[in-house]
Amino acid sequence: MLLKLAWRNIWRNKRRSFIVLISVVVGLAAIVLTDGLSNGMMSQMLFNQINLDVSHLQIHKNGFDRNKIVKNFIPDYKHVESTLQTNPEVEAYSKRVFATGILSSASNSSGVIIYGINPDEESKVSIVKSSIINGKYLGSGKREIIIGKKLAEKLGVEVGDKIVAMSNTLKGDIGSDAFRIIGIFQTSSSGFDKMTVYVQALTEQEMLGIGDNYHEFAVIAKDYTKINLVKNNVETKLGSDYEVFTYRDLLPMLIYQMELYKESMMILNVIIGLALIFGIINTMLMSVFERIREFGVLMAIGMKNSRLYLMIIFEAFILGIFGTFVGLICGLLLDIPLAHSGINLSIFATGLESFGVGAVIYPVLSIGNLINAVLFMPFVAVIGALYPAYKAIKLEPIYAINYV
Amino acid sequence: MEILKAENLVKIYQDNGVPVNALMDINLTISKGEYVVIAGPSGSGKTTLLNLLGALDKPTKGKVYFETENITLKEKKELSKIRLHKLGFIFQAYNLIPVLTAIENIEFSMMLLGIPDKVRKEKALELMDELGIKELANKRPNEMSGGQQQRVAVARAIVNNPSLVLADEPTANLDSVTAGHLLDLMEQMNSEKNITFIFSSHDKQVIDRAKRLIILKDGRIENQ
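As the structure is a computational prediction, the values presented were derived from the model and not from experiment. Sequence order sets the numbering: in each chain, residues are counted from 1 along the sequence as written. Think of it this way: whatever chain is written first is A, whatever ligand is written first is 1, and the rest follow in order. Two thresholds apply to this predicted model, a pLDDT of at least 70 for residue-level local features and 80 or more for giving and counting side-chain atom pairs, whereas whole-chain, interface and lining totals are computed over all residues. Think of the side-chain values as coming from all heavy atoms in the structure, minus any hydrogens and water.

1. Focus on the overall build of chain A
Formally: Counting from the N terminus, the helices are DSSP H or I runs at least four residues long and the strands are E runs at least two residues long. We compute the radius of gyration from the C-alpha atoms alone; for a globule the expected value is 2.2 Å times N to the 0.38, where N is the number of residues. A simple rule labels every residue: compare its accessible area, found with a 1.4 Å probe on the protein chains alone, to the largest value its type can have, and call it buried under 20%, exposed over 50%, or partly exposed in between. Contacts are assigned to residue pairs that have any heavy atoms within 4.5 Å of one another. The method behind every accessible area is Shrake-Rupley, applied with a 1.4 Å probe, and residues are considered shielded solely by the protein chains displayed.
Each helix and strand in chain A was counted, giving 15 helices and 12 strands. Relative to the 2.2 N^0.38 estimate, which gives 22 Å for 404 residues, the radius of gyration of chain A is 31 Å and therefore markedly larger than a compact globule would have. Along the three orthogonal principal directions, the C-alpha set of chain A runs to about 100 × 45 × 30 Å. With 404 residues in all, chain A has 52% of them scored as buried. Sequence separation of at least 24 residues holds for 78% of the intrachain contacts in chain A that already meet a minimum separation of 6. Here chain A displays about 18,500 Å² of accessible surface, and carbon together with sulfur accounts for 61% of that area.

2. A closer look at the side chain of T324(A)
Residue and element names in this part refer to chain A. Relative to the elements of secondary structure, T324 occurs in helix α12 (residues 305-341). Its relative accessible area of 4% is what places T324 among the buried residues. For T324, the residues in contact, after removing those within four places along its chain, are V24, L28, V374, M377 and P378.

3. A few points about helix α4 (residues 117-130) of chain B
Residue and element names in this part refer to chain B. Quick note on the threshold: To estimate the expected span of a helix, subtract one from its residue number and multiply by 1.5 Å.
Helix length check: α4 (14 residues) gives 20 Å between terminal C-alpha atoms against 20 Å at 1.5 Å per residue, within 8%. Check the buried side of α4 and you find it contacts α3 (102-112) and α5 (146-158). G132, located one to two residues past α4, shows a positive phi value of around 70°.

4. Quick look at the layout of surface pockets
Residues and elements named next belong to chain A. The condition that has to hold: Two kinds of site are reported from a 1 Å grid over the protein atoms alone, namely cavities, where a 1.4 Å probe fits but cannot get out, and pockets, open sets with protein on both sides within 12 Å along at least five of seven lines, and residues are called lining when an atom falls within 4 Å of a point. Grid points are joined across faces, edges and corners, and a volume is the space filled by probe spheres set on the points. Amino acids outside the nonpolar list (Ala, Val, Leu, Ile, Met, Phe, Trp, Tyr, Cys, Pro) and the charged list (Asp, Glu, Lys, Arg) are all regarded as polar, and Gly is one of them.
Its volume calculated, the largest pocket comes out at about 600 Å³. Elements that contribute at least two residues to the lining of the largest pocket include exactly α2 (14-54), α9 (247-250), α10 (252-290) and α14 (367-393). Element by element, the count of residues in the lining of the largest pocket is highest for α10, at nine residues. Of the residues belonging to the lining of the largest pocket, the class tally is 14 nonpolar, seven polar and four charged. Looking at the second largest pocket, its volume works out to about 350 Å³. Around the second largest pocket, the lining is made up of 19 residues, and of these Q49, D53, V54, I113 and Y115 lie nearest the centre.

5. Quick notes on the packing of helix α1 (residues 2-10) of chain A against α12(A)
Residues and elements named next belong to chain A. Condition: Interaxial angles span 0 to 180 degrees and are taken between N-to-C directions of axes, which are lines fitted to C-alpha atoms, for helices over the stretch in contact. By definition in this entry, angles of less than 35 degrees are roughly parallel, angles greater than 145 are roughly antiparallel, angles of 65 to 115 are roughly perpendicular, and the rest are oblique. Working rule for handedness: look at the near helix, and if it is turned counterclockwise from the far one by less than a right angle, call the crossing left-handed; if clockwise, right-handed.
Running from amino to carboxyl end, α1 crosses α12 at an angle of 55°, the nearest separation of the two axes being 9 Å. Taken together, the axes of α1 and α12 are oblique relative to one another. Relative to α12, the crossing made by α1 is right-handed. Contacts between α1 and α12 involve L2, L3, L5, A6, W7, N9 and I10 from the first element and R307, L310, M311, F314, E315, I318 and L319 from the second. Here the contact of α1 with α12 is composed, by residue class, of 11 nonpolar, one polar and two charged.

6. A look at the nonpolar core
To keep things clear, this is the line we draw: Buried Ala, Val, Leu, Ile, Met, Phe, Trp, Tyr and Cys residues form a nonpolar core when they are joined through side-chain atoms within 4.5 Å. How far each domain reaches was decided by an automatic or database domain assignment.
The biggest cluster of nonpolar side chains holds 56 residues, and the ones touching the most others in it are I59(A), L84(A), L103(A), I145(A) and I147(A). A per-element tally of this core places strand β2 (residues 90-104) of chain A first, with six residues. Each of domain 1 (2-49 + 254-401) and domain 2 (63-239) of chain A accounts for three or more of the residues forming this core. Here L84(A) is in contact with I59(A), V90(A), Y93(A), F217(A), V219(A) and V234(A), once residues within four sequence places are set aside. Counting residues in hydrophobic clusters, the runner-up holds 52 residues, among them L2(A), L308(A), A392(A) and M111(B).

7. Concerning a nonpolar patch on the surface
Applied cut-off: Put simply, a patch holds well-exposed residues, over 30% relative accessible area, that have no salt bridge, with like charges counted together within 9 Å and Val, Leu, Ile, Met, Phe, Trp or Tyr side chains within 5 Å. Each salt bridge in this description consists of a side-chain nitrogen of Lys or Arg and a carboxyl oxygen of Asp or Glu lying within 4 Å of one another.
Taken together, F18(A), I22(A) and V26(A) make up a surface patch of nonpolar side chains, about 280 Å² in accessible area. Among the secondary structure elements, F18(A) is positioned in helix α2.

8. Remarks on the sheet that holds strand β7 (residues 164-168) of chain B
All names here are of chain B. What counts, and what does not: Pairing between two strands is assigned when DSSP locates at least 2 bridges connecting them.
The strand order across the open sheet formed by six strands is β6-β7-β8-β3-β9-β10, and the pairing between neighbours is mixed. One side of each edge strand has no neighbouring strand; the edge strands of this open sheet are β6 (87-90) and β10 (220-223). Each strand axis lies, on average, 25° off the axis of its neighbour in the sheet, ignoring direction. As paired strands, strand β3 (residues 35-39) and strand β9 (residues 212-217) are joined by four bridges and run parallel to one another. Across the sheet, the residue bridging to I38 is I214, located in β9. Sitting on the sheet, helix α6 (residues 176-193) touches β3, β6 and β8 (196-200), and the angle it makes with β8 is about 145°.

9. Notes on the packing of aromatic side chains
Note on aromatic pairs: each is described by the distance of the centres and the angle between the planes. All names here are of chain A. To keep things clear, this is the line we draw: Two rings from Phe, Tyr or Trp (for Trp, the six-membered ring) form a pair when their centres are within 6.5 Å of each other. A pair whose planes differ by under 30 degrees is stacked, one over 60 is edge-to-face, and the rest are tilted.
Applying the stated rule across the entire model yields 16 aromatic pairs over all chains. Ring geometry for Y77 and Y214: centres 5.1 Å apart, planes at 75°, overall edge-to-face. Here Y214 lies in the loop between α7 (201-208) and β9 (216-221) and Y77 lies in helix α3 (residues 77-85), a separation of 137 residues in the sequence. Since its relative accessible area comes to 12%, Y77 is described here as buried.

10. What to know about the pairing of strand β10 (residues 242-246) of chain A
Two faces belong to every sheet, and in a regular strand the side chains alternate between them. Residues and elements named next belong to chain A. When you tally the buried positions in β10, you get five out of five residues, the bulk of the element. The alternating pattern of β10 places Y242, V244 and T246 and E243 and F245 on opposite faces, both of which are buried. Across five bridges, strand β1 (residues 57-61) lies against β10 in antiparallel orientation. Looking at the pairing, H60 lines up with E243 of β10.

11. Digging into the environment of L100(B)
For L100(B), the position within the fold is in the loop between β6 and α3. Separated by 68 residues in the primary sequence, L100(B) and K32(B) place their C-alpha atoms 32 Å from one another.

12. Overview of the domain arrangement of chain A
Domain boundaries assigned for chain A yield domain 1 (2-49 + 254-401) and domain 2 (63-239). The straight-line distance from the C-alpha centre of domain 1 of chain A to that of domain 2 of chain A is 49 Å.

13. A word on the environment of N138(B)
Residues and elements named next belong to chain B. Inspection of the secondary structure assignment puts N138 in the loop between α4 and α5. Note on N138: relative accessible area 64%, which makes it exposed. Taking the C-alpha atoms as reference, N138 lies 6.5 Å from I103; in sequence the two are 35 residues apart.

14. Some thoughts on the packing of α3(B) against α4(B)
Residues and elements named next belong to chain B. It is at 9 Å that the axes of α3 and α4 come closest, and there the two elements cross at 125°. Between α3 and α4, the crossing angle belongs to the class labelled oblique. Every pair of crossing elements has a handedness; the one defined by α3 and α4 is right-handed. In this structure, α3 contributes A102, I103, I106, E107, M110 and M111 to the contact, and α4 contributes D117, R120, K121, K123, A124, L125 and M128. Considered class by class, the residues forming the contact of α3 with α4 number eight nonpolar, no polar and five charged.

15. Some words on the pattern of salt bridges
Counting across every chain of the model gives 28 salt bridges over all chains. R143(A) serves as the salt-bridge partner of D177(A), at 3.0 Å between the closest nitrogen and oxygen. Of this pair, D177(A) sits in strand β7 (residues 174-185) while R143(A) sits in the loop between β4 (132-135) and β5 (144-148), and the two are 34 residues apart along the sequence. Classification of D177(A) as buried rests on a relative accessible area of 16%. Among the ionic pairs, K121(B) bridges to E107(B), the shortest N-O distance being 3.6 Å.

Now the structure itself:
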């Protein structure tokens, strides 16, 4: 009956309750939307990095990550390859030759990372193939090269043009080769597009004089959340001559940034919650002051303070639950279509690309965040009602009954 | 059997820092089953005395004994328990809970006692039938006349079988015919259920029907 009374009390002043409800709905919808957007942005940043060149797991010769020089190639790449082939959690891998060097056109030159790849393997671990915007992906041609759009702009070259790549060889000489540009790619990261080129692995191995060796294995796991299991398994099998890194080890700044972002979202949610709390306090106080006489009667007929307190808390809680329900629906109605179509922020494209995020953000709803939001709002509503309820039970029955 | 006793009761209010003597040295004993009217002109202290006797207010000096127990120094929680179990209140302005129907208003105090839903519904309907207001069961206060509301208020006051019902100017907002019917009802409850009634009123009809009359003047008992 107390719940029934609380429910009816809510609707005795529909306009006031509606205002509280709207504020809870807007607050929750805002939380769901901003959480979705920030999640989407963070996920995109992470998955873009993973899909560009980081992958889920990288395997190198021990010490390569600290000192990326030509001679630090993997001691026995066939052993690594067989280890990966027998691991059921591994979806795909790509062997890479790695070198830093200079790429020169007729008009300009630029420092680059030259990846030597087996095109079919690489297409299974990165999105470079699907990012070709002009020309085509690497085929079987020995002197083919694909470069990023930003780099092409800097060098003043286009598909079909010739360029020269130079890098230190294993012997310490300068090795160079001429390539023909067969494709230009554009990814969501302008930095990557400016710095990265791909050639055939065989060509780069010859240029660097490293035989048939590779510097890096890029691995994609079937389930990236189990990547630590894969890492431990691979590490154990390969031994100490190798270093195995997950994307979390390779992208510490991004992971830190994501954690920071999560915390800042929490702070934002708390700010939204605080604003709501004051709104609810104000409304519930009005509601309490309007009913002082009624509370006096309830006290006179023997209602205990604890029940009176509970009744007012119930009112706020019901509003919170109701607002949460409607807010959740509104938030999802906004979020779900956007999760498919994305939000086009192309006016900020340059800035977003420098962060490794595309111009279109796809909100990502996390069940954890939704649960938090759903629990958060009724909690906020109850917090907002504590003081008004306290004011109500502090009334003296005689004062309350005679209140005009 | 003595149900209520007031001993040297004094109530002094502060009105903007000026002390106002509302009640002075009241001594009073009420026995079980009495039908008492406290009368007197406006400002004589009728409502103040009723509030003190009903444990709604505390005296400045003196003691109130309810069923031989001194209730003057009791905590808010204990007083609330006494009001719930032993007392019933009827107010001048009816004071029904506006969002509850008549039957729910009557059930409310039973709910506070923890009586199960089905039992309290049955009991409320039975009482409403007895008071001739069964047809009002599902009406809200704003759908009832003053007289109907006050009958529901009477039902609410007596549904928990209190030892004592305190009625503050219960007929003040009613026409004389309706007031007469209401008084009949309370007299009936007094004689049939042996419920003690204490009224505060300056309504002649109420005073005329008093089995015991206490007249207050300037905060003192003039005649009892």
